[in-house]
Amino acid sequence: MRVRRSVVSAVACVLLAGASMSCTGGSAPAPGPVADLLDGRDWAHFAGAEPTRSGVRITRLDRRITRQDGSGGQPNPPVNLRGPHLVFQGGVRVEARLIRTDGTDAYLHLYGETPVVYDEWRHERRGVRIGVVGGRLRFDRWDGDSDRPAVTRTFGRGFGDDVRLAVDVRGDRLVLEADGNVVGTVPARDVFRHRRIWFGADAGDGGRGWTLGELRAMPLGRGRVSVRDAPALKVPRSTDALRDLAAGLRRPIRMGTALAAGPLLTDGAYRRTAGEEFSMLTPENDFKAQFVQPRRGVFAFEEGDTLVDFADANGMRVHAHTLVWFEALPSWMRAEMTHEDRRRVMTEHIRAVAGHFRGKVAEWDVVNEPMSDEDEDYTNGNRGVRPHLWFEAMGEQYMDIAFRTAKEADPHAVLYLNEYGVEEDGPRWDALYALLVRLKQRGVPIDGVGFQNHEYAAEDRTDPEVFRRKVRALAGLGLKARVSEMDVLVGEGEEDVQARQFAGKLAVCAEEPNCTSFSTWGFTDGYGSTADIRHYPPSPGDALPWDAAYEAKSTYWALRDVLGRTRRRPPQAPDGQGAVG
Ligand code: 9MR
């Protein structure tokens, strides 16, 4: 649904007249042509928002990113990347009307650079946030060198439930207005150095939400402003990319990669390469619990929907990730609760999420990383199963319940268990195999196993022939296999090691009849999850087939070679993309 012109502007003008201000923005210096950023623009794909007759209703999501151990909680408010953004020259004025009904703190974000989510961390780049908090105006500016704002100021007092804000970006200054009066001036620094503004909104404590009643922009002086909508999701196809080679195999497989909605919407090279080269995608983070159910019973699927739409537009399948894990959980899900309630939280989450994506995704990682890393769990009766919150509440049966619930929610999806470090021989693999036997004996509807294949260090390198034995062992149990998250972190001069590791695993997958897809965990080092985030800004890792400038490495060419030399289908065969796994 789109915000409609007639309704929004009519309401705005009546109320403005009541507040004795002009419809084009009060005391601004002679404004240029006004660009409406709500009317006819897309706010329907913005998480936590709902276009209504009187504007865009913003509810409190309180989205956060927790650390691996569940601690912390870095704010991760949504950005309307599928909606309008501004491109400007010279000065620009942005006007907004924030209508609060019950005292909710209301925040509007103007991003000069969009944030990037890396491993357990949101890289908060340049931007400002203006909020009506209590009765005061709060201003924060992020300068791209810390998670925390470089500047936080509060202005004025006594603001009511209907506040008209304006921000003038004038050279090196930002001038803030509220209800027609200038309330403060702050240095702009380089926040808008790219001459672009994306928008985000968020609701804080205090109530049920607020309404963005107006949002518009106009040039100042001799400036120029134009409004851009998000790019089309469909990208041009080639006939000679990885996906085409893999579809041309006698037994076609899918070539996949983990993707994120942010760069898909803001980085053309990322979008084009993703759509051209891959026939399957795994949401890197956008389907995880802390993204889709940040508060109990509050769901936000918009970024996930964008990935589904991208897959749809480009003939890709979605391998959805993940329903039951011990990581990437919102803190409410980890809170103390009875075993009974824990079980309910798990099944409700599965029903809601798998239900939402029913028919739109081909596969699910139902259970992610169930095996323990601790020796003691292999001797104390846990049988190698990780004793996390779900296990604590339900024992190993949590997996039975999870798979059965997922099957009910999406009967046609292919259901996987996904694990790392089981490509090699050892107690972890043995314990996983024994677990799979038990699951099969109990009639649990599991279809396959994903082997993550992360190789972060030299000791993680595994032998393709050992991996082949694992894939065959699964075939013996009637299970499918896939390479689910491959990345190989290497140092300078080790490109050949990386190429060899990737190619070896792909060859096994292309050759073993029960291996359905080969997926990498991202494809460009530019957004790779192995980035070193101890520095600000982060330095990219070197683990993926494309470097940060989208230059294909020898790894990419090695993947192509494998697909080129694996048995091809006879040339007269029809295109088999639809028949894959
Ligand atoms: O790449 C993902 C990173 O951005 C997240 O912060 C992290 C926690 O949610 O998960 C990373 O992806 C992991 C995947 O979900 C499961 N297997 C290991 C992956 C790499 O750490």
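Note that this is a predicted model, so its numbers are computed, not measured.

**A short note on the overall build of the chain**
Inference 1: When helices and strands are counted, the chain shows 14 helices and 26 strands.
Inference 2: Relative to the 2.2 N^0.38 estimate, which gives 25 Å for 581 residues, the radius of gyration of the chain is 25 Å and therefore close to what a compact globule would have.
Inference 3: For the C-alpha atoms alone, the extent of the chain along its principal axes is close to 75 × 55 × 40 Å.
Inference 4: Counting over 581 residues, the chain shows a buried share of 60%.
Inference 5: Long-range pairs, those at least 24 residues apart, make up 74% of the contacts in the chain between residues at least 6 apart in sequence.
Inference 6: When the accessible surface of the chain is summed, it comes to about 22,600 Å², and 48% of that surface belongs to carbon and sulfur atoms.
Inference 7: Distance between charge centres in the chain, computed from 79 positive and 84 negative side chains, equals 6 Å.

**Description of the packing of helix 12 (residues 464-476) against helix 13 (residues 495-511)**
Inference 1: Between helix 12 and helix 13, the least distance of the axes is 9 Å, while the angle of their chain directions is 30°. Taken together, the axis directions place helix 12 and helix 13 in an arrangement best described as roughly parallel. Both helix 12 and helix 13 take part in a crossing whose hand is right-handed. Contact residues: P464, F467, R468 and V471 in helix 12; G504, K505, V508 and E511 in helix 13.
Inference 2: When its residues are assigned to classes, the contact of helix 12 with helix 13 shows 4 nonpolar, 1 polar and 3 charged.

**What to know about the packing of aromatic side chains**
The description of an aromatic ring pair rests on the distance of the ring centres and on the angle between the ring planes.
Inference 1: Scanning all chains against the criterion turns up 21 aromatic pairs.
Inference 2: Members of the aromatic cluster, each reached through a chain of ring pairs, are Y270, F278, F523, Y527, W546, Y550, Y556 and W557.

**Quick notes on the confidence of the model for the chain**
Inference 1: Mean pLDDT over the chain: 92, with 93% of residues reaching 70 or higher.
Inference 2: In this model residues 573-581 is a low-confidence stretch, pLDDT under 50, and it forms 19 contacts with partners more than four residues away in sequence or in other chains.

**Looking at the packing of helix 11 (residues 427-441) against helix 12**
Inference 1: At their nearest, the axes of helix 11 and helix 12 sit 11 Å apart, and the two run at 15° to each other. Judged by the angle between their axes, helix 11 and helix 12 are roughly parallel. Crossing hand, helix 11 versus helix 12: right-handed. Between helix 11, through W429, Y433 and L436, and helix 12, the contact on the second element is made entirely by K470, A473 and L474.
Inference 2: Taken together, the residues of the contact of helix 11 with helix 12 sort by class into 5 nonpolar, no polar and 1 charged.

**Observations concerning the site of the ligand**
Inference 1: As a matter of local geometry, the ligand sits amid 18 residues, with E120, E284, K288, H321 and E485 nearest to it.
Inference 2: Residue Y118 places a main-chain N or O atom 3.1 Å away from an oxygen atom belonging to the ligand.
Inference 3: Between the ligand and the protein, one listed contact pairs an oxygen atom with a side-chain N or O atom of H321 at 2.7 Å.
Inference 4: Protein burial of the ligand: of its 450 Å² of free accessible surface, 93% is covered by the chains.
Inference 5: Tallied by class, the residues present in the shell around the ligand amount to 5 nonpolar, 6 polar and 7 charged.

**Examining the pattern of salt bridges**
Inference 1: Taken as a whole and assessed by the stated rule, the structure comprises 47 salt bridges.
Inference 2: As a salt-bridge pair, D168 and R93 come within 2.9 Å of each other at their nearest N and O atoms. Of this pair, D168 sits in strand 13 (residues 162-170) while R93 sits in strand 6 (residues 85-100), and the two are 75 residues apart along the sequence.
Inference 3: One salt bridge connects D140 with R129, and the closest N-O pair in it is separated by 3.0 Å. Here the residue D140 occupies a position in strand 11 (residues 136-142), and R129 occupies one in strand 10 (residues 127-133), the gap between them amounting to 11 residues.
Inference 4: D140 sits in the buried class, given a relative accessible area of 0%.
Inference 5: Here the salt bridges share partners, and the residues they tie into one network are R93, E95, R164, D168, R170, E177, E214 and R216.

**Some remarks on the state of the cysteines**
Inference 1: Tallying each qualifying case throughout the model produces 1 disulfide.
Inference 2: Linked covalently through their sulfurs, C509 and C515 form a disulfide whose S-S length is 2.0 Å. One quick way to see it: the torsion about the S-S bond of C509 and C515 is about -90°, and its sign makes the bridge left-handed.
Inference 3: Taking the relative accessible area as the measure of exposure, C515 reaches 1% and is therefore buried.

**Focus on the side chain of T66**
Inference 1: Looking at the secondary structure, you find T66 in the loop between strand 4 (64-65) and strand 5 (74-75).
Inference 2: For T66, a relative accessible area of 2% puts it in the buried group.

**A few points about helix 10 (residues 397-409)**
Given 3.6 residues to a turn, an α-helix orients residues that are three or four positions apart in the same direction.
Inference 1: Helix length check: helix 10, at 13 residues, gives a terminal C-alpha distance of 18 Å against a target of 18 Å (1.5 Å per residue), a fit within 8%.
Inference 2: Of the positions making up helix 10, those classed as buried are Y398, M399, D400, I401, A402, F403, T405, A406 and A409.
Inference 3: Looking at the buried positions of helix 10, the neighbouring elements they touch are strand 20 (317-324), helix 8 (339-356), strand 21 (363-368), helix 9 (389-394), strand 22 (414-419) and helix 11.

**Observations concerning the environment of W142**
Inference 1: When you line up the elements, W142 lands in strand 11.
Inference 2: You can call W142 buried: its relative accessible area is 11%.
Inference 3: Residues contacting W142, with those up to four places away along its chain left out, are E124, R125, R126, G127, R129, D147, R148, P149, A150 and V191.
Inference 4: At 2.8 Å, the side chain of W142 and the backbone oxygen of D147 are in polar contact.

Rules and cut-offs
Residues numbered from 1 in each chain as written. Predicted model: local features only at pLDDT ≥ 70, side-chain atom pairs only at ≥ 80, totals over all residues. Heavy atoms only, no water. Helix = DSSP H or I, 4+ residues; strand = E, 2+ residues; numbered from the N terminus. Rg over C-alpha atoms; globule rule 2.2 N^0.38 Å. Buried < 20%, exposed > 50% of the residue type's maximum accessible area, 1.4 Å probe, protein only. Contact = heavy atoms within 4.5 Å. Areas by Shrake-Rupley, 256 points an atom, 1.4 Å probe, with all protein chains shown as cover. Lys, Arg positive; Asp, Glu negative; His and termini not counted. Charge placed at Lys NZ, Arg CZ, Asp CG, Glu CD. Axes fitted to C-alpha atoms, helices over the stretch in contact; angles between N-to-C directions. Parallel < 35°, antiparallel > 145°, perpendicular 65-115°, else oblique. Left-handed = near helix turned anticlockwise from the far one by under 90°. Nonpolar A, V, L, I, M, F, W, Y, C, P; charged D, E, K, R; others polar. Phe/Tyr/Trp six-rings, centres within 6.5 Å; stacked < 30°, edge-to-face > 60°. pLDDT = per-residue confidence, 0-100. Near = heavy atom within 4 Å. Polar contact = N/O pair within 3.5 Å; in protein donor to acceptor, adjacent residues only side chain to side chain. Salt bridge = Lys/Arg side-chain N within 4 Å of Asp/Glu carboxyl O. Disulfide = S-S within 2.5 Å. Expected span 1.5 Å × (residues − 1).

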